[in-house]
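The lines below spell out each chain.
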Amino acid sequence: MKNSAQTAGPAEETSSSATPTVQMTPDDAMPPIELVFGLVGPTGVDLDRAIDSLKAQLAAVQYDSIVISLSDLILGFHGKENFPNEHDRISELIESGNRLRESADDRSIVARLGLVEIREQRKKISGFENVPHKQRRIAYIVRSFKRPEEVLLYRDVYGKAFTLISLYASKSTRIKNLSKRILGGEIDARQAESLATDLVNRDNKEEGQPYGQRVGSTFPMADYFASFGPRVRLDNQFKRLVRLTFGDPYISPTKEEEGMFFAQAAALRSLDLSRQVGAALFSEHGEIISTGCNDVPKAGGGLYWTDDNSFRDHELGYDANVAIKKELVADAYRRLREAKQLSPSTLEKSDQALATEALFGNAPHFKESLLFDVIEFGRAVHAEMDAITQAARVGASTKNGRLFCTTFPCHICARHIVSAGLKDVFFIEPYEKSRTGELFADSISIEPSEPSAKLVNFHAFVGVAPRRYMDFFQATSPRKNGDGTIIGEEKIAKFPKVKRIVLAYTLAEEQSVKEIPPSIFEPRQGDQA
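What counts and what doesn't
Residues numbered from 1 in each chain as written. Predicted model: local features only at pLDDT ≥ 70, side-chain atom pairs only at ≥ 80, totals over all residues. Heavy atoms only, no water. Helix = DSSP H or I, 4+ residues; strand = E, 2+ residues; numbered from the N terminus. Rg over C-alpha atoms; globule rule 2.2 N^0.38 Å. Contact = heavy atoms within 4.5 Å. Areas by Shrake-Rupley, 256 points an atom, 1.4 Å probe, with all protein chains shown as cover. Lys, Arg positive; Asp, Glu negative; His and termini not counted. Charge placed at Lys NZ, Arg CZ, Asp CG, Glu CD. Buried < 20%, exposed > 50% of the residue type's maximum accessible area, 1.4 Å probe, protein only. Pairing = 2+ DSSP bridges. Axes fitted to C-alpha atoms, helices over the stretch in contact; angles between N-to-C directions. Expected span 1.5 Å × (residues − 1). Arc of directions from axis to C-beta. Polar contact = N/O pair within 3.5 Å; in protein donor to acceptor, adjacent residues only side chain to side chain. Phe/Tyr/Trp six-rings, centres within 6.5 Å; stacked < 30°, edge-to-face > 60°. Lys NZ or Arg CZ within 6 Å of the ring centre and 35° of its normal. Domains from an automatic or database assignment. Salt bridge = Lys/Arg side-chain N within 4 Å of Asp/Glu carboxyl O. Core = buried A, V, L, I, M, F, W, Y, C linked by side-chain atoms within 4.5 Å.

S.K.: What is the right way to read the overall build of the chain from this model?
M.R.: When helices and strands are tallied, the chain shows 21 helices and 13 strands. Its C-alpha radius of gyration of 26 Å places the chain within 12% of the 24 Å reference for a compact globule of 529 residues. Here the C-alpha coordinates of the chain stretch approximately 80 × 65 × 50 Å along the principal axes. Restricting to contacts in the chain with at least 6 residues of sequence separation, those with at least 24 account for 72%. Taken as a whole, the chain presents about 25500 Å² of accessible surface, with 51% of it coming from carbon and sulfur. A gap of 2 Å separates the mean positions of the 68 positive and 73 negative side-chain charges of the chain.

S.K.: Could you clarify how one ought to interpret the environment of phenylalanine 261 in this entry?
M.R.: With respect to the secondary-structure elements, phenylalanine 261 resides in helix 10 (residues 255-267). Judged by relative accessible area, which is 23%, phenylalanine 261 ranks as partly exposed. Taking the C-alpha atoms as reference points, phenylalanine 261 and aspartate 223, 38 residues apart in sequence, are found 12 Å from one another. Leave out the neighbours within four places in its chain, and phenylalanine 261 touches Pro466, Tyr469 and Met470.

S.K.: What's the story with the sheet that holds strand 9 (residues 402-407) in this structure? I'm lost.
M.R.: Across a sheet, strands are paired by hydrogen bonds formed along the backbone, either parallel or antiparallel in direction. Across the sheet, six strands lie side by side as 8-7-9-10-12-11; this open sheet has mixed pairing. In this open sheet, the two strands that pair with only one neighbour each are strand 8 (288-293) and strand 11 (444-446). The average angle at which neighbouring strand axes cross in this sheet is 20°, direction not considered. Bridging between strand 7 (residues 278-282) and strand 9 involves four bridges; their strand directions are antiparallel.

S.K.: For this particular structure, what's the right way to read the side chain of arginine 155?
M.R.: Secondary-structure assignment places arginine 155 in helix 5 (residues 148-158). For arginine 155, the contacting residues outside a window of four places in its chain are Phe162, Leu164, Met221, Ala222, Asp223 and Arg467.

S.K.: Which parts of the structure should I look at to understand helix 1 (residues 47-59)?
M.R.: Each full turn of the α-helix corresponds to 3.6 residues, which orients residues three or four apart in the same direction. Helix length check: helix 1 (13 residues) gives 18 Å between terminal C-alpha atoms against 18 Å at 1.5 Å per residue, within 8%. For helix 1, every residue scored as buried is listed here: Leu47, Ala50, Ile51, Ser53, Leu54, Gln57 and Leu58. Looking straight down helix 1, one finds that the buried residues subtend no more than 165° of arc, so they occupy a single side. Elements that come into contact with the buried residues of helix 1 comprise strand 2 (35-40), strand 3 (64-69), strand 4 (138-143), strand 5 (162-168) and helix 9 (231-245). Residue aspartate 46 occupies the N-cap position of helix 1, its side-chain oxygen lying 3.2 Å from the main-chain nitrogen of aspartate 48.

S.K.: Explain the packing of aromatic side chains to me, please; I cannot follow it from the model alone.
M.R.: Each pair of aromatic rings is reported with the distance of its centres and the angle of its planes. For the coordinates displayed, the defined rule picks out 17 aromatic pairs. With 5.7 Å between their ring centres and 55° between their planes, tyrosine 154 and tyrosine 158 make a pair best called tilted. Placement of both tyrosine 154 and tyrosine 158 in helix 5 is noted, with a separation of four residues, approximately one turn of the helix. Seen in terms of ring centroids, phenylalanine 282 and phenylalanine 404 are 5.6 Å apart; in terms of plane orientation they differ by 85°. Their pairing is edge-to-face. Of this pair, phenylalanine 282 sits in strand 7 while phenylalanine 404 sits in strand 9, and the two are 122 residues apart along the sequence. Over the ring of tyrosine 211 we find arginine 107; its NZ or CZ atom is 4.5 Å from the centre of that ring.

S.K.: Could you clarify how one ought to interpret the domain arrangement of the chain in this entry?
M.R.: Accessible area lost upon the coming together of the parts serves often as the stated size of an interface. Domain boundaries in the chain define domain 1 (35-249 + 475-520), domain 2 (255-308 + 379-461) and domain 3 (320-372). Between the C-alpha centres of domain 2 and domain 3 the distance comes to 34 Å.

S.K.: Sorry if this is basic, but what is going on with the pairing of strand 5 here?
M.R.: Summarising burial for strand 5: seven of the seven residues are buried, a large majority. The alternating pattern of strand 5 places Phe162, Leu164, Ser166 and Tyr168 and Thr163, Ile165 and Leu167 on opposite faces, both of which are buried. Sheet topology places strand 5 next to strand 6 (residues 224-227); four bridges connect them, and they run parallel. Of the residues in strand 6, the one forming a bridge with leucine 167 is alanine 226.

S.K.: Explanation requested: the side chain of glutamine 213 in the structure shown.
M.R.: Counting through the fold element by element, glutamine 213 comes out in the loop between helix 7 (189-205) and helix 8 (215-218). Note on glutamine 213: relative accessible area 6%, which makes it buried. Look past the residues within four positions of glutamine 213 in its chain and what remains in contact with it is Ile94, Asn98, Arg101, Lys146, Asp203, Glu206 and Glu207.

S.K.: What am I meant to see in the pattern of salt bridges here?
M.R.: Close approach of charged atoms allows side chains with opposite charge to pair. Counted under the stated rule, the structure contains 33 salt bridges. The salt bridge involving aspartate 223 is made with arginine 468; its shortest N-O contact spans 3.6 Å. Highlighted residues: aspartate 223 in the loop between helix 8 and strand 6 and arginine 468 in the loop between strand 13 (463-464) and helix 18 (469-473), separated in sequence by 245 residues. Taken as a pair, aspartate 223 and arginine 468 share a single burial class, namely buried. For arginine 379, the salt bridge goes to aspartate 313, with nearest N and O atoms at 2.9 Å. Of the two residues, arginine 379 sits in the loop between helix 14 (351-360) and helix 15 (383-393) while aspartate 313 sits in helix 11 (residues 313-316), which places them 66 residues apart along the sequence. Residue classification places aspartate 313 among the buried positions, given a relative accessible area of 5%. The network of salt bridges with shared partners includes Arg155, Lys160, Asp223, Arg467, Arg468 and Asp471.

S.K.: Before we go on, may I ask you to explain the nonpolar core in this structure?
M.R.: Nonpolar side chains in soluble globular proteins tend to be buried together. In terms of nonpolar packing, the biggest core is built from 111 residues, with Phe145, Tyr154, Tyr158, Ile165, Leu167, Phe238 and Leu403 touching the most fellow members. When residues in this core are grouped by element, the largest group, eight residues, is from helix 4 (residues 109-126). Taken together, domain 1 (35-249 + 475-520) and domain 2 (255-308 + 379-461) each give at least three residues to this core, which thus spans both. Counting residues in each nonpolar core, the second largest holds ten residues, with Ile94, Leu178, Ala192 and Val200 among its members.

Laid out in structure tokens, this is it:
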């Protein structure tokens with residue numbers, strides 16, 4: 001396997017002047033806890049800048065960083081080495097990763113190869129694959145995850161010692177960054193922008209492929225969301241994450257983190273057949289006004305609770321929106337039949353059969369059509385609308401309010417957001433079907449570099465993800481010394497908050513590595529012969 005790791009210092013043990021170490025005390029019976037950070041970044045995000053920032057913040061708490069590049073591992077097995085330009089290199093990485101996952105019939109295979117590399121780096125440092133160094137504090141930074149299965153694998157192996165960081169940058173910023181990297185040689189500025197746009201769009205196009213990248217589905221799984229920008233912004237975001245990792249008792253949630261936590265909590269109430277979405281409405285000063293989720297409304301106001309005599313979609317037995325879409329397709333076939341526009345082989349089938357085949361067959365050619373983006377026939381109230389109407393029922397003002405949504409609002413909710421007089425909307429998961437930007441460009445500013453004073457501003461969420469809110473902010477250690485003084489920074493930075501038994505996770509690594517098919521290693525052995 002190619003050596004894909006880049007270290008902050010030599011892999012072997014060095015003097016304390018070259019590599020920061022921690023002085024062990026008699027109370028420090030166990031070796032320092034290894035930390036693992038995973039990165040998720042849509043194509044075009046500058047991961048190098050993010051990694052440099054994270055390494056600097058880890059060094060401040062005396063942790064050496066080792067970078068594990070999954071893309072280098074991919075090329076080491078099934079990829080090429082030399083490329084005429086950056087577009088071709090990234091395209092080959094995507095194709096090679098897809099082929100690797102398919103040949104292994106394992107959607108997490110690339111991440112498993114990352115475990116192999118981590119174990120090899122550990123052996124260089126401590127002399128053993130299963131035993132960390134007794135004194136050096138090591139953090140592995142794995143770039144970058146492309147599928148949910150990869151994330152789940154690392155969470156199974158490392159537990160809460162693994163932190164997934166999703167790096168956000170607007171589409172325009174990512175295209176601009178990629179264009180600069182592609183530009184040169186025979187590629188001019190216009191061609192570079194076109195090629196960059198193609199690569200950025202590919203992230204979404206592969207979502208439905210069995211072994212393709214699923215960055216859009218992986219991004220929302222983060223433990224921490226960071227926003228790409230100047231180095232000082234990244235430094236501040238990662239400094240906060242590292243301090244929280246070490247249990248700094250003097251960091252409390254931001255307004256945005258609390259808002260998104262309540263939105264995620266509200267989502268758990270939903271029994272919608274498609275997905276759980278939550279929203280939380282706050283005043284401009286940070287007071288909570290209402291929460292909402294996507295589910296069927298009931299007479300008298302609000303949504304059904306579990307102890308109501310309810311008639312939600314799971315009790316109805318089907319999704320009304322999907323059923324009506326089928327009716328629309330069947331109606332289209334009926335009209336084409338009447339206009340004599342159907343082929344002879346198609347005429348043999350009924351309109352209903354054609355609709356079923358087009359939407360749900362082995363090759364559902366209507367599945368990705370714009371028709372399937374239609375959402376207004378669903379019975380459920382959307383989470384954003386539920387939060388807004390709940391505020392209306394109790395007479396609470398929504399003027400200049402701030403709405404937190406687990407998913408980017410659809411264009412139907414967007415008009416209610418504008419009408420309600422909200423000022424800011426924060427979201428985690430993108431929603432590609434939303435037409436909000438094109439339908440309400442006069443009223444909504446999406447991902448603005450500078451917030452608009454007149455329009456509703458839609459922002460990507462930054463901070464601790466709801467799934468780790470309790471882990472990071474629940475006090476688990478004293479906040480003062482015996483004499484009443486606060487705890488010093490040296491004591492806070494001594495140990496990470498998470499506790500892991502070394503033998504447990506190294507054995508989990510070993511077992512996961514054993515599950516890699518031997519055939520995967522054959523191309524590598526052939527290259528070395």
